[in-house]
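Residues per chain, in single letters:
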Amino acid sequence: MELLHLKKLDLKDKKVFIRCDFNVPMDEFGNISDDRRIRSAIATINYCLDMDCAVILASHLGRPKGEVVEKYSLAPVARRLQQLLKRHVELAPGVVDDATLKLAHELPRHEVLLLENLRFEAGETKDDEELSHKLASMAEFYVNDAFGVSHRAHASVHGITKFFDNEHKAAGFLLEREINFFGKLINNPVRPFAAIVGGSKVSGKLEALVNLLPKVDKIFIGGGMAFTFLKQMGYDIGASLVEDELLDEAQNIMDQAKALGVKFYLPVDVVAADKFAEDAVSKIVTAQEIPNGWMGLDIGPATVRLYREGLNDVQTVLWNGPMGVYEMEKFARGSSKIAHFVADSYATTVVGGGDTADLVQRVGVDDEMSFISTGGGASLELLEGKTLPGVAPLMVKIDEEA
Ligand code: AMP
């Protein structure tokens, strides 16, 4: 199987709909804190403009849940795109309302129209056929360059592909790069292969953890998700983040790791705080003894040393999810130390996920990583060996394509 290539489409002078992933992290004032995802899409957009196309761009941002929510408007993205493309980018008033459809239909070549947040439409996350059809009606060609959402069967990623035949749809350059990279990584990782998994919740990454177990040699757990495991081990976790309904599952993962001979590392100490705030009182405590009412918000120094030891001989590292609440300086130290260590290692280092990409950029080691993926969930699903719903319709058998 092979991806449909953008360069094989007969795009000259045509209208192209490009599904991008402009779901960028923003600070509390609405400023874009990491524009990697926007920069990553520029090559595909410029290629289409160079082919004298009219370009319609679409993305989601955050989770407005099917309603128009001002703070999730793509206006800041339109401004950043304009700077990066060095040309005017028109922000549509909506997604598929009459005025937007008219703008799309009348869009002249060399012009760029950015639709408003796709998730202002409830049908987007439901893979709604009517919405897919309306989006498809805007252009003659469809290009998916949104790796970060290609593991979701959403209208602009999955449903829409039905309205284009193989001569009229393709993967963008970013999507192609990501798929090719992870393809190689799954088939032939240089061992030992370690996964560092952090972030807030076990629930979001549970399946990924289960599926990663047979593929990796070591797993290092950090972030809020560690406490579900620590609680299951009978430790006092105080008021730390926990998912009680997943305690059995946590045990199951630890049992499986043991059965498979995968080294499973959990924090041995944490930075505990009396509240979830930058001005909290904090102290370093062992993972066994987090005081009542206190919450673990970062891994502690002993854990950093332990994880460094464990990572020493590793040849491939996949990192998904921060080790602590890295957005607050006080609880960023664990993530920062691990980031420096991973960046300095001679291993192939792969960072997945918006938060982790943001983190390594803040720490200033993004250039030293081997590969920074624009998709966290999508990269995990690829590594699990799943076919992504947004990618499958863009795959052809090699002889079929010839
Ligand atoms: P995720 O989206 O699941 O990758 O989670 C990323 C978020 O997890 C970041 O915003 C972190 O602030 C948060 N996080 C990391 N460690 C903790 C922790 N110990 N307690 C609460 N939140 C955490």
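Analysis parameters
- Residues numbered from 1 in each chain as written.
- Predicted model: local features only at pLDDT ≥ 70, side-chain atom pairs only at ≥ 80, totals over all residues.
- Heavy atoms only, no water.
- Pairing = 2+ DSSP bridges.
- Helix = DSSP H or I, 4+ residues; strand = E, 2+ residues; numbered from the N terminus.
- Axes fitted to C-alpha atoms, helices over the stretch in contact; angles between N-to-C directions.
- Domains from an automatic or database assignment.
- Contact = heavy atoms within 4.5 Å.
- Buried area = accessible area lost by both parts, 1.4 Å probe.
- Salt bridge = Lys/Arg side-chain N within 4 Å of Asp/Glu carboxyl O.
- Polar contact = N/O pair within 3.5 Å; in protein donor to acceptor, adjacent residues only side chain to side chain.
- Nonpolar A, V, L, I, M, F, W, Y, C, P; charged D, E, K, R; others polar.
- Core = buried A, V, L, I, M, F, W, Y, C linked by side-chain atoms within 4.5 Å.
- Buried < 20%, exposed > 50% of the residue type's maximum accessible area, 1.4 Å probe, protein only.
- Phe/Tyr/Trp six-rings, centres within 6.5 Å; stacked < 30°, edge-to-face > 60°.
- Lys NZ or Arg CZ within 6 Å of the ring centre and 35° of its normal.
- 1 Å grid on protein atoms, 1.4 Å probe; cavity = no way out; pocket = protein on both sides within 12 Å on 5 of 7 lines; lining within 4 Å.
- Points joined across faces, edges and corners; volume = space filled by probe spheres on them.

## Focus on the sheet that holds strand 11 (residues 269–273)
Okay, so step 1: The strand order 12-11-13 describes an open sheet built from three strands, whose pairing is antiparallel. Every other strand in the sheet has two partners, leaving strand 12 (282–286) and strand 13 (295–299) as the edge strands with one partner each. Pairwise comparison of adjacent strand axes, ignoring direction, gives a mean angle of 40 degrees for this sheet.
Okay, so step 2: Bridging between strand 11 and strand 13 involves four bridges; their strand directions are antiparallel. Within strand 13, the residue paired with Ala272 across the bridge is Gly296.

## As for the domain arrangement of the protein
Okay, so step 1: The domain boundaries assigned to the protein delineate domain 1 (6–173) and domain 2 (180–383).
Okay, so step 2: Summarising the inter-unit geometry, the C-alpha centres of domain 1 and domain 2 are found 32 Å apart.
Okay, so step 3: Of the residues lining the interface, twelve residues belong to domain 1; the matching set on domain 2 comes to 15 residues.
Okay, so step 4: Between domain 1 and domain 2, roughly 1000 Å² of surface is buried when both sides are summed, and carbon and sulfur atoms account for 54% of that area.
Okay, so step 5: Looking at the side of domain 1 facing domain 2, the largest losses of area belong to Arg36, Phe147 and His151, adding up to 55% of the total buried there.
Okay, so step 6: Between Arg36 and Asp366 there is a salt bridge, and its shortest N-O distance comes to 3.1 Å.
Okay, so step 7: Our enumeration of links across domain 1 and domain 2 arrives at two residue pairs in polar contact (both at pLDDT 80 or more).
Okay, so step 8: In terms of residue class, the side of domain 1 that touches domain 2 is made up of two nonpolar, five polar and five charged.

## Brief notes about the nonpolar core
Okay, so step 1: Core analysis: the biggest nonpolar cluster contains 48 residues, and Phe182, Ile221 and Phe229 have the highest contact counts within it.
Okay, so step 2: Those elements that place two or more of their residues in this core are helix 5 (173–187), strand 8 (193–197), helix 6 (206–212), strand 9 (218–221), helix 7 (226–232), helix 8 (247–260), strand 11 and helix 12 (376–383).
Okay, so step 3: Among residues more than four places away in sequence, those in contact with Phe182 are Phe147, Leu318, Val350, Phe371, Ser373, Ser379, Leu382 and Leu383.

## A short note on the packing of aromatic side chains
Okay, so step 1: Inspection of the entire model under this criterion finds eleven aromatic pairs.
Okay, so step 2: Look at Phe220 and Tyr265: their rings are 4.4 Å apart centre to centre, the planes differ by 20 degrees, and that puts the pair in the stacked class. Residue Phe220 is found in strand 9, and its partner Tyr265 is found in strand 10 (residues 263–265); the two are separated by 45 residues along the sequence.
Okay, so step 3: According to the relative accessible area criterion, Phe220 is buried, its value standing at 0%.
Okay, so step 4: Judged by centre distance (6.2 Å) and plane angle (80 degrees), the rings of Tyr265 and Tyr307 are edge-to-face. Of the two residues, Tyr265 sits in strand 10 while Tyr307 sits in helix 9 (residues 301–311), which places them 42 residues apart along the sequence.
Okay, so step 5: In this structure an aromatic cluster arises from ring pairing among Phe147, Phe181, Phe182 and Phe371.
Okay, so step 6: We note Lys283 situated over the ring of Trp294; from NZ or CZ to the ring centre the distance is 4.4 Å.

## Description of empty space enclosed by the protein
Gaps between atoms show up when a probe of the same size as a water molecule is rolled over them.
Okay, so step 1: Tallied over the full model, the rule gives two cavities of 30 Å³ or more.
Okay, so step 2: Of the volumes computed, that of the largest cavity is approximately 50 Å³.
Okay, so step 3: Lining the largest cavity, in full, are Pro25, Asp34, Arg36, Arg37, Gly353, Gly354, Ala357, Ser373 and Thr374.
Okay, so step 4: Those elements giving two or more residues to the lining of the largest cavity turn out to be helix 1 (36–50) and helix 11 (354–363).
Okay, so step 5: When grouped by side-chain class, the residues that make up the lining of the largest cavity number two nonpolar, four polar and three charged.
Okay, so step 6: If you count residues domain by domain, the lining of the largest cavity takes at least three from each of domain 1 (6–173) and domain 2 (180–383).
Okay, so step 7: If you add up the space inside the second largest cavity, you get close to 30 Å³.
Okay, so step 8: Forming the walls of the second largest cavity are Leu311, Val314, Val317, Phe341, Val342, Ser345 and Ala347.

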